[in-house]
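# Structural characterization, general
This is what each chain is made of:
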Amino acid sequence: MLDGKVALVTGGTRGIGLATARALAEAGATVVLTGRDEAKAKEAAAAAGAASGLALDVTDAKAVSTLVRGVAKEHGKLDIVVANAGIMEDALLGMIREELVDTTLSTNVAGTLHTVQAAARAMMRKKTGAIVVLASIVGEHGSAGQTVYAASKAAVANIARSAAKELGRSGIRVNAVAPGVIDTDLTSGLTEDAKAENIGKTPLGRLGTPEDVANAIRFLVSDDASFITGQVLGIDGGLVL
Ligand code: NAD
């Protein structure tokens, strides 16, 4: 399905990023995954069957640009980029600290933007490519106690919608996935009661797995999705917030 394609996945050391790197590698792509910690990135790359694991903090625009250019140079091209790196910290409105705003927006919004910008530059030369960014169901609907995170993910969805409009004529597709509640380290702080409540509101009756999201991303970056761009695809078991 992805034979001969070169792919980059940010935040690929665990959770959805790791499952995505593995899914793309299993589909035949040459995958480079990144993580903030080089040793962890290398370990994850070996576990996922990826070609390499590199250190990258997506809040650093210059580092993102340099790394993406380097990957494209080393492999001769870059076909697929998944801007997955992200953080989530809950806080009720009255409890939101400035530091939480800064870290959330610099990682989720600016980090995604840096990655999409660098990907677009690398893909522009060949006039082909597919980018997927990680939005969220709460970015589409809002969520009490998650105002900052929800705002950041609404921005991520609109990075996909806007970049898709700008890059379509260059043969580059940009889509977002909007997962519901996926069982990863990010959601490990949820109490059993909160998990049960979410499952109760989910028609498919379970939490999502990283593989549920990875499979949808693999489809969106494949040629099977060649006429799909600017979309925000819910992967949430039908969850109604
Ligand atoms: P996770 O916490 O397991 O993994 C996140 C990854 O991003 C980690 O590898 C982490 O090291 C990396 N990361 C964080 N900040 C970074 C930075 N500044 N630079 C580089 N890497 C950084 O989370 P996950 O559940 O796998 O989430 C992956 C993405 O999916 C995130 O963007 C998250 O917001 C989104 N998402 C997750 C869920 C869910 O329920 N788990 C739901 C909706 C959206």
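Below or above, wherever it landed, is the structure these notes cover. (Residues numbered from 1 in each chain as written. Predicted model: local features only at pLDDT ≥ 70, side-chain atom pairs only at ≥ 80, totals over all residues. Heavy atoms only, no water.)

## A look at the overall build of the protein chain
Helices and strands together make up the secondary structure of the protein chain, namely eight helices and seven strands. Expected size for 241 residues packed as a compact globule is a radius of gyration near 18 Å; at 17 Å, the protein chain falls within 12% of this value. C-alpha extents for the protein chain along the principal axes are approximately 50 × 40 × 40 Å. When the 241 residues of the protein chain are sorted by exposure, 49% land in the buried category. Residue pairs in contact within the protein chain that sit at least 24 positions apart in sequence constitute 70% of those at least 6 positions apart. Taken as a whole, the protein chain presents about 11,300 Å² of accessible surface, with 52% of it coming from carbon and sulfur. If the 24 positive side-chain charges of the protein chain are averaged to one point and the 26 negative ones to another, these points end up 9 Å apart. (Helix = DSSP H or I, 4+ residues; strand = E, 2+ residues; numbered from the N terminus. Rg over C-alpha atoms; globule rule 2.2 N^0.38 Å. Buried < 20%, exposed > 50% of the residue type's maximum accessible area, 1.4 Å probe, protein only. Contact = heavy atoms within 4.5 Å. Areas by Shrake-Rupley, 256 points an atom, 1.4 Å probe, with all protein chains shown as cover. Lys, Arg positive; Asp, Glu negative; His and termini not counted. Charge placed at Lys NZ, Arg CZ, Asp CG, Glu CD.)

## Digging into helix α8 (residues 210-221)
The first and last C-alpha atoms of α8 sit 17 Å apart over 12 residues, in line with the 16 Å expected at 1.5 Å per residue. All of the buried residues along α8 are Pro-210, Val-213, Ala-214, Ala-216, Ile-217, Leu-220 and Val-221. Taken end-on, α8 shows its buried residues confined to a sector of 165°, consistent with a single buried face. Tucked inside the fold, the buried residues of α8 contact α1 (15-26), β4 (80-83), β5 (129-134), β6 (172-179) and β7 (232-235). (Expected span 1.5 Å × (residues − 1). Arc of directions from axis to C-beta.)

## Focus: the pattern of salt bridges
Evaluation of the coordinates by the stated rule reveals nine salt bridges. Close ionic contact of Asp-185 with Arg-14 constitutes a salt bridge, the shortest N to O distance being 3.6 Å. Residue Asp-185 is located in the loop between β6 and α7 (192-200), and its partner Arg-14 is located in the loop between β1 (6-9) and α1; the two are separated by 171 residues in the primary sequence. Given a relative accessible area of 46%, Asp-185 falls into the partly exposed group. In this structure, Arg-161 engages Glu-140 in a salt bridge whose closest nitrogen and oxygen atoms are separated by 3.3 Å. With Arg-161 in helix α6 (residues 147-167) and Glu-140 in helix α5 (residues 137-141), this residue pair connects regions lying 21 residues apart in the sequence. A cluster of three or more residues bridged by salt bridges with shared partners is formed by Glu-89, Arg-97 and Glu-99. (Salt bridge = Lys/Arg side-chain N within 4 Å of Asp/Glu carboxyl O.)

## Observations regarding the sheet that holds strand β3 (residues 52-55)
Spatially, β3-β2-β1-β4-β5-β6-β7 is the arrangement adopted by the seven strands of the open sheet, whose pairing is parallel. The open sheet has two edge strands with one neighbour each: β3 and β7. If you compare each strand with its neighbour and ignore which way they point, the axes differ by 20° on average. Here β5 pairs with β6 via six bridges, running parallel. Directly across from Ile-131, in β6, lies its bridge partner Val-174. Against the sheet, helix α4 (residues 98-124) contacts β4, β5 and β6, and its axis sits at roughly 175° relative to β5. (Pairing = 2+ DSSP bridges. Axes fitted to C-alpha atoms, helices over the stretch in contact; angles between N-to-C directions.)

## Observations regarding the layout of surface pockets
Each pocket or cavity is described by its volume, and for the largest pocket that value is around 1,200 Å³. Surrounding the largest pocket, 46 residues form its lining, Gly-86, Ile-87, Met-88, Thr-184 and Leu-186 being those nearest its centre. Of all the secondary-structure elements, those providing two or more residues to the lining of the largest pocket are α1, β2 (30-35), α5 and α6. At three residues, α1 tops the list of elements feeding residues into the lining of the largest pocket. Looking at side-chain class alone, the lining of the largest pocket contains 19 nonpolar, 18 polar and nine charged residues. (1 Å grid on protein atoms, 1.4 Å probe; cavity = no way out; pocket = protein on both sides within 12 Å on 5 of 7 lines; lining within 4 Å. Points joined across faces, edges and corners; volume = space filled by probe spheres on them. Nonpolar A, V, L, I, M, F, W, Y, C, P; charged D, E, K, R; others polar.)

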